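Residues per chain are reported as follows:
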Protein chains: 2
Amino acid sequence: MAILVTGGAGYIGSHMVWALLDAGENVVVLDRLSTGFRWAIAPAARFYLGDVADAEVLKTIFIENDIEAIIHFAGSAVVPASVADPLSYYDNNSGKTRALMSAAIAAGVRHFVFSSTAAVYGPQKGSEPVKETAPLNPENPYGQSKLMTEFMLRDAAAAYDFDYVALRYFNVAGADPHGRAGQSTSGATHLIKVACEAALGRRDSVHVYGIDYPTHDGTGVRDYIHVTDLAQAHLKALQHLRRGKGSLVANCGYGSGYSVLDVLNMVTRLHGHAFKIHMAPRRPGDAASVVADASLAHRMLEWTPKYDSLETIVRSALDWELELITRRVEDLHEMRRALAAASF
Amino acid sequence: MAILVTGGAGYIGSHMVWALLDAGENVVVLDRLSTGFRWAIAPAARFYLGDVADAEVLKTIFIENDIEAIIHFAGSAVVPASVADPLSYYDNNSGKTRALMSAAIAAGVRHFVFSSTAAVYGPQKGSEPVKETAPLNPENPYGQSKLMTEFMLRDAAAAYDFDYVALRYFNVAGADPHGRAGQSTSGATHLIKVACEAALGRRDSVHVYGIDYPTHDGTGVRDYIHVTDLAQAHLKALQHLRRGKGSLVANCGYGSGYSVLDVLNMVTRLHGHAFKIHMAPRRPGDAASVVADASLAHRMLEWTPKYDSLETIVRSALDWELELITRRVEDLHEMRRALAAASF
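Read on for an overview of the structure. The structure displayed is predicted, hence computed values, not measured ones.

### Digging into the overall build of chain A
Tallying secondary structure elements over chain A gives 11 helices and 14 strands in all. Relative to the 2.2 N^0.38 estimate, which gives 20 Å for 344 residues, the radius of gyration of chain A is 19 Å and therefore close to what a compact globule would have. By principal-axis analysis of the C-alpha atoms, chain A measures approximately 55 × 45 × 40 Å. Looking at chain A residue by residue over its 344 residues, the buried ones come to 58%. Contacts spanning at least 24 positions in sequence make up 77% of the contacts within chain A whose residues lie at least 6 apart. On chain A, roughly 14000 Å² of surface is accessible, and the fraction owed to carbon and sulfur atoms is 51%.

### Some remarks on helix α8 (residues 260-271) of chain A
What sets the pattern is the α-helix's 3.6 residues per turn: residues three or four places apart point alike. All names here are of chain A. For α8, with 12 residues, the first-to-last C-alpha span of 17 Å sits near the 16 Å given by 1.5 Å per residue. Within the span of α8, buried status applies to Val260, Val263, Leu264, Met266 and Val267. Here the buried residues of α8 occupy an arc of 160° about the axis, which is enough to place them on one side. Seen from the buried face of α8, the exposed residues on the opposite side, beyond 90 degrees, are Asn265 and Arg269. Trailing α8 by a residue or two, glycine 272 shows a phi angle of about 85°, which is positive.

### Comments concerning the interface of chain B and chain A
On the side of chain A, 22 residues touch chain B, which itself brings 22 residues to the contact. Summing the contributions of chain B and of chain A, the shared interface buries around 1700 Å²; its carbon and sulfur component is 64%. Between chain B and chain A we count two salt bridges in total. Linking aspartate 91 of chain B and arginine 98 of chain A is a salt bridge whose minimum nitrogen-to-oxygen distance equals 3.4 Å. Viewed at the interface, chain A and chain B are joined by eight residue pairs in polar contact (both at pLDDT 80 or more). Where the side of chain B that touches chain A is concerned, the elements lending two or more residues are α3 (79-84), α4 (86-106) and α5 (141-159) of chain B. Each residue belonging to the side of chain B that touches chain A can be placed in one class, and the counts come to 14 nonpolar, three polar and five charged.

### Topic: the packing of aromatic side chains
Residue and element names in this part refer to chain A. Enumeration over the complete set of coordinates arrives at six aromatic pairs over all chains. Seen in terms of ring centroids, phenylalanine 112 and phenylalanine 162 are 5.9 Å apart; in terms of plane orientation they differ by 50°. Their pairing is tilted. Here the residue phenylalanine 112 occupies a position in strand β5 (residues 111-117), and phenylalanine 162 occupies one in the loop between α5 (141-159) and β6 (163-169), the gap between them amounting to 50 residues. Take phenylalanine 112 and phenylalanine 162: they sit in the same class, and that class is buried. Connected via pairs of aromatic rings, a cluster forms that spans Phe37, Trp39 and Trp320.

### Description of unusual backbone geometry
With a phi angle near 55°, glutamate 302 of chain A is a residue other than glycine that sits in the positive phi range. Within the secondary structure, glutamate 302 of chain A sits in the loop between α9 (295-301) and α10 (310-326).

Each value, and the rule that gives it
- Residues numbered from 1 in each chain as written.
- Chains lettered and ligands numbered in written order.
- Predicted model: local features only at pLDDT ≥ 70, side-chain atom pairs only at ≥ 80, totals over all residues.
- Heavy atoms only, no water.
- Helix = DSSP H or I, 4+ residues; strand = E, 2+ residues; numbered from the N terminus.
- Rg over C-alpha atoms; globule rule 2.2 N^0.38 Å.
- Buried < 20%, exposed > 50% of the residue type's maximum accessible area, 1.4 Å probe, protein only.
- Contact = heavy atoms within 4.5 Å.
- Areas by Shrake-Rupley, 256 points an atom, 1.4 Å probe, with all protein chains shown as cover.
- Expected span 1.5 Å × (residues − 1).
- Arc of directions from axis to C-beta.
- Buried area = accessible area lost by both parts, 1.4 Å probe.
- Salt bridge = Lys/Arg side-chain N within 4 Å of Asp/Glu carboxyl O.
- Polar contact = N/O pair within 3.5 Å; in protein donor to acceptor, adjacent residues only side chain to side chain.
- Nonpolar A, V, L, I, M, F, W, Y, C, P; charged D, E, K, R; others polar.
- Phe/Tyr/Trp six-rings, centres within 6.5 Å; stacked < 30°, edge-to-face > 60°.

So, in structure tokens, the structure goes:
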């Protein structure tokens, strides 16, 4: 039996592959390498190059492997891109997941773990932790495309021999503490990634949008979850489904947050090099504070985070950025293209 | 310039084709004849046999015709089937519409009229007419699949050079007053169609689900809209878009309803033959009364219904059922298969 990880060459997916291998699982990866890298996939995983909606590739995977469950990360996740080209997001995130689900159900795969997002919730007014029962009112096509998939999963679980866990991620950050994986994709807009790049001189500066929020220092507060803890939550979700405990939708966050300035100060403190900060006005739609109520994941999945300190998150992210430099990213890009052309 | 009608061989689509031709428009029909009939398409329309998500067929249509707007009816509409096989509904109704929209936008088609449904609303508690601002909380995958499409249209209109009108139909009934079109598909679950079939001896009986609702006679009240009035609302929607008045989501109903017994009494009175009625318990999820607030369509589309009496609706439906008999439906099925094989 093996676990199929889609998007296993991406940021969270590559950590998931390591977590599964560490737990003794057999792992199959399906990734089209549109933003991920071949070298990011742990060597012990079996790799298929292809699209998650490609019926031929899926058929081959299901024939060549005894797939017990799918952990589905593949998808697009850049909010402004989803506003500019919503139909590509509905295709990539909703339509292709539907095709994957149909193929999986037809092949007798019963368990599905889905990477959902806190973007399925509406705008947050106060600073109360967000429960799963909060109104579902996405502010952008990215969040809407993920919510559509949640609804398809819900209805599929009611109709077919099939169950799922959808995990709604808050702000995923950090890198594998063993240095084996990290966030590699370029063009990231994620604060911790951006701040690390600035501290290492690979960006001129970091923008801070809004310094007049009703938070402890005026900047926006977010719930940063370490990617390794998140991967562990997926392992727990897999166990939950294996034990027949049924479908579940649960938040993944720590239940407390850090401000933009908290993050920037930590990066500076750990790296020792200062970088420029541009104070800019609030961006429309940004809430003062977005923090998860993750009590459901703790209770139902018996999930206990291990890396829930900002220092751990930032240190692992900085370590990865330094590692990326020593690996000479451009060479790796070359290698990626060569490997992709060799059609694994 | 021509108007592309998808699902033009179906119930509402075939009426739309006549309404467009009557208004002097050029009409192109795309239908895969999965439930519709070739003979139901007015001869003056240009017919393409194919799926709305088939890129090759769409390419041919856009090359061979100067399509100004699309009126999109093609889709699946049987609520229990959507519960049993939700992924096929999300594919047919949401995924394929996304593919059609993408192809249309790429081909420079700017206007889109979409057949949405009152099933996008949540369960109705009282008997107040439903406004467009009512909570969107579909009770079944059919309604959810239509709501997903509304969200895709909304986001597409914000991102691309594209606008749309989504019309949320209440209970569509009746047939073309000139006898040129009607509801032809078999296996219908629609009350008026079922009652007409029973009155003509083609069904043993009619079930009435729930006789203890808080309505004037204890049976459920619904807002029945004549299919010809509905087609006229689409013509008005097309004019609205042509005049550059922007995207709109509007209910289509009369704002008042008739009970199940009102309908059965009218069928009996007009046809003169009695049929058996089985009183059965309420079905879960059925509301006492569902009636549209259609003031937005009246005001924004300048839409004025002409056939809004139950007698007109039932008489036209009965006339069509009699017409269907004289046409000898089975022969027409044969013709349909022959025509389909000839690949128009």
